[in-house]
Amino acid sequence: MRALLHPVYGEADTLAVGDVPTPVPGKNQVLVQVIAASLNAADAFVMRGVPRMVRVGNGLRRPRRRRLGMDCAGIVTQLGPGATRWRVGDAVFGQGLATMAEFALADEDRLASLPEGVSHQDAATLPVAGTTALRAVDVANVAPGQRVLVTGVAGGVGQFAAQLAALRGAEVIGVCSGRNVERVRALGIANVLDYETQNPLDTTTKYDVVLDNAGGVRIRDWRSVVVRHGVILPNSGVKGPDGGALMRVAKAQWHGFIAPQRVRVFSGTVTTQQLDELGNLLAAHRITPLVDTVYPLDQATEALARVATHHARGKVVVAVAPEGTATR
Ligand SMILES: NC(=O)c1ccc[n+]([C@@H]2O[C@H](COP(=O)([O-])OP(=O)(O)OC[C@H]3O[C@@H](n4cnc5c(N)ncnc54)[C@H](OP(=O)(O)O)[C@@H]3O)[C@@H](O)[C@H]2O)c1
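Note that the structure is predicted; figures quoted are calculated from it, not measured. (Residues numbered from 1 in each chain as written. Predicted model: local features only at pLDDT ≥ 70, side-chain atom pairs only at ≥ 80, totals over all residues.)

Trainee: Is there a simple way to think about the overall build of the chain in this case?
Mentor: Scanning the chain from terminus to terminus reveals nine helices and 15 strands. When its C-alpha atoms are laid out on the principal axes, the chain stretches across 55 × 45 × 35 Å. Looking at the chain residue by residue over its 328 residues, the buried ones come to 51%. (Helix = DSSP H or I, 4+ residues; strand = E, 2+ residues; numbered from the N terminus. Buried ≥ 20, exposed ≤ 12 C-beta atoms within 10 Å, placed from the backbone.)

Trainee: Would you mind showing me how to read the pairing of strand β14 (residues 291-296) here?
Mentor: Looking down a regular strand, the side chains alternate between one sheet face and the other. As defined by bridge partners, β14 adjoins strand β15 (residues 315-319) across five bridges and the pair is classed as parallel. Paired with P296 across the two strands is A319, which belongs to β15. (Pairing = 2+ DSSP bridges.)

Trainee: Explanation requested: the environment of T132 in the structure shown.
Mentor: Mapped onto the secondary structure, T132 falls in helix α3 (residues 127-139). Taking C-alpha positions, T132 is 22 Å from A305, a pair spaced 173 residues apart along the chain. If sequence neighbours within four positions are ignored, T132 has contacts with V157 and G268. (Contact = placed C-beta atoms within 7 Å.)

Trainee: Any chance you could explain the sheet that holds strand β11 (residues 207-212) here in plain terms?
Mentor: One key point about sheets: their strands pair by backbone hydrogen bonds, in either a parallel or an antiparallel sense. Strands sit in the order β10-β9-β8-β11-β12-β13 across an open sheet of six strands; the sheet is parallel. Looking at which strands have only one partner, the edges of the open sheet turn out to be β10 (191-194) and β13 (262-263). Across four bridges, strand β9 (residues 171-176) lies against β10 in parallel orientation. Across the sheet, residue G174 finds its bridge partner in β10, namely V192.

Trainee: Would you mind going over the domain arrangement of the chain with me for this structure?
Mentor: You'll often see interface size given as the accessible area lost when the parts meet. Partitioning the chain into domains gives domain 1 (2-125 + 289-325) and domain 2 (129-263). Domain 1 and domain 2 are separated by 27 Å when their C-alpha centres are compared. Taken together, the residues of the side of domain 1 that touches domain 2 sort by class into six nonpolar, four polar and two charged. (Domains from an automatic or database assignment. Nonpolar A, V, L, I, M, F, W, Y, C, P; charged D, E, K, R; others polar.)

Trainee: Where do I start with helix α4 (residues 156-167) in this structure?
Mentor: For an α-helix, the turn length of 3.6 residues means that residues three or four places apart are oriented alike. If you check α4, its first and last C-alpha atoms are 17 Å apart, about what 12 residues at 1.5 Å a residue would give, namely 16 Å. Among the 12 residues of α4, 11 are classified as buried, and the element is accordingly described as predominantly covered. Residues of α4 that are buried: G156, V157, G158, Q159, F160, A161, A162, Q163, L164, A165 and A166. Its buried side turned inward, α4 meets α3, β8 (147-151), β9, β11 and β15. (Expected span 1.5 Å × (residues − 1).)

Trainee: So what exactly am I meant to see when it comes to helix α1 (residues 41-48) here?
Mentor: Those residues of α1 not exposed but buried are A41, D43, A44, V46 and M47. If you follow the buried residues of α1, they end up packed against β3 (29-39) and α9 (300-307). The first or second residue beyond α1 is G49, which carries a positive phi of 70°.

Trainee: Quick question: what am I supposed to make of the nonpolar core here?
Mentor: Nonpolar side chains in soluble globular proteins generally cluster together in the buried interior. Grouped together as the largest cluster of nonpolar side chains are 102 residues, with contacts concentrated most on V32, V34, F93, V150, A161, A165 and V318. It is β3 that contributes the most residues to this core, eight residues altogether. Residues lining this core come from more than one domain, with at least three contributed by each of domain 1 (2-125 + 289-325) and domain 2 (129-263). When near neighbours in sequence (up to four residues on either side) are disregarded, A161 contacts A133, A136, V137, V150 and L211. (Core = buried A, V, L, I, M, F, W, Y, C linked by C-beta atoms within 7 Å.)

Trainee: Please clarify how the site of the ligand should be interpreted in this entry.
Mentor: Neighbouring residues of the ligand: 31 residues in total, closest G152, G155, S177, G216 and G237. Among the secondary structure elements, those contributing two or more residues to the shell around the ligand are α1, α3, α4 and β9. Each residue belonging to the shell around the ligand can be placed in one class, and the counts come to 13 nonpolar, 18 polar and no charged. (Near = placed C-beta within 6 Å.)

Trainee: Any chance you could explain the environment of D13 here in plain terms?
Mentor: Tracing the chain through its elements places D13 in the loop between β1 (2-5) and β2 (16-19). For the pair D13 and H120, spaced 107 residues apart in sequence, the C-alpha to C-alpha distance is 28 Å.

Trainee: Just to check I follow, could you spell out the pairing of β9 for this structure?
Mentor: With respect to burial, β9 is a largely interior element, five of its six residues being buried. Between β8 and its parallel partner β9, the chain crosses via α4, and the hand of that crossover is right-handed. (Right-handed = clockwise from strand over helix to strand, strands pointing away.)

Trainee: What's the story with the packing of α3 against helix α8 (residues 272-283) in this structure? I'm lost.
Mentor: The packing of two helices is summarised by the inter-axis angle and the distance between the axes. Contact geometry of α3 with α8 gives a least axis separation of 10 Å together with a crossing angle of 95°. By the angle between their axes, α3 is roughly perpendicular relative to α8. Of the residues in α8, those touching α3 at P127, G130, T131 and L134 are Q274, L275, E277 and L278. For the contact of α3 with α8, the residue count by class is four nonpolar, three polar and one charged. (Axes fitted to C-alpha atoms, helices over the stretch in contact; angles between N-to-C directions. Parallel < 35°, antiparallel > 145°, perpendicular 65-115°, else oblique.)

Structure representation (structure tokens):
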């Protein structure tokens, strides 16, 4: 099968698309024929091996798995031992292992049924970014009327978090660069700040929740614009004024200890239940994915280069096979 190969840690020009054996599903796994896959900031971290902690479990000097990709949508083609949740021919979406390929393995409980009327390309945008966004609004306990600030609102996690918070009745304020403001407004987020000309710290009304996906502002500074019992969720893995990912976690713990606000670092997990919730919202047109570019698998290196800028305008999608391949 064709797959994106990741022989060394480095930039996208070290990647290539080539032929590898089709994997065989292990215990409680299924093999998915990938119709579409999408990329996340985390794929760029794994590609580069930076932050260094991504190398733990993935090879300290060279990538052990030598493949990339976490999100996918496609058709179940083979069941591993003990896998009972899916049948061959089911259309699914969710988290897989090395999804930038014609076939990918997935744990059966990290998949959900593709909802009627939803394309594989749209569903493939949801797994990591959508479940992380869902987890963020749950951890923050977003409630009607709250002022919720979301940075990186044009990115993967931000776009879904903003839409989910708005669905819960919050007043959402998005932050992105000027070129993305209108695209974010088109998602139904009316209040969008252009960080190139407007500073979210210059506010007379404090926020109840800050979900910081961009990491461009110190936690200490967010504290000054968040209400006393509000919530701050530092969620960026990119190096910023608070340092890299590990330092940001340490600072979040420290501020969580000394501040009146709740400062929480959280980790998203992809489950069938969360995917079902997101898939149903997508099918009902209550959330809409903002897509930057759709690349063919042969151009997966360009797709990785795009996501590695950390300035993609929405989700970067890789179309591996035609939509019509679905058997339902
Ligand atoms: N906790 C978890 O389990 C978890 C899971 C997934 C992701 N994450 C983290 O969440 C972050 C976002 O991930 P993603 O996949 O959504 O990334 P993404 O799609 O690359 O989006 C990043 C966004 O950040 C924006 N941005 C960059 N600098 C900014 C600034 N100074 N102010 C405001 N926005 C800025 C960019 O928009 P502009 O081009 O408009 O600047 C871009 O849209 C990553 O750092 C990742 O590590 C955490």
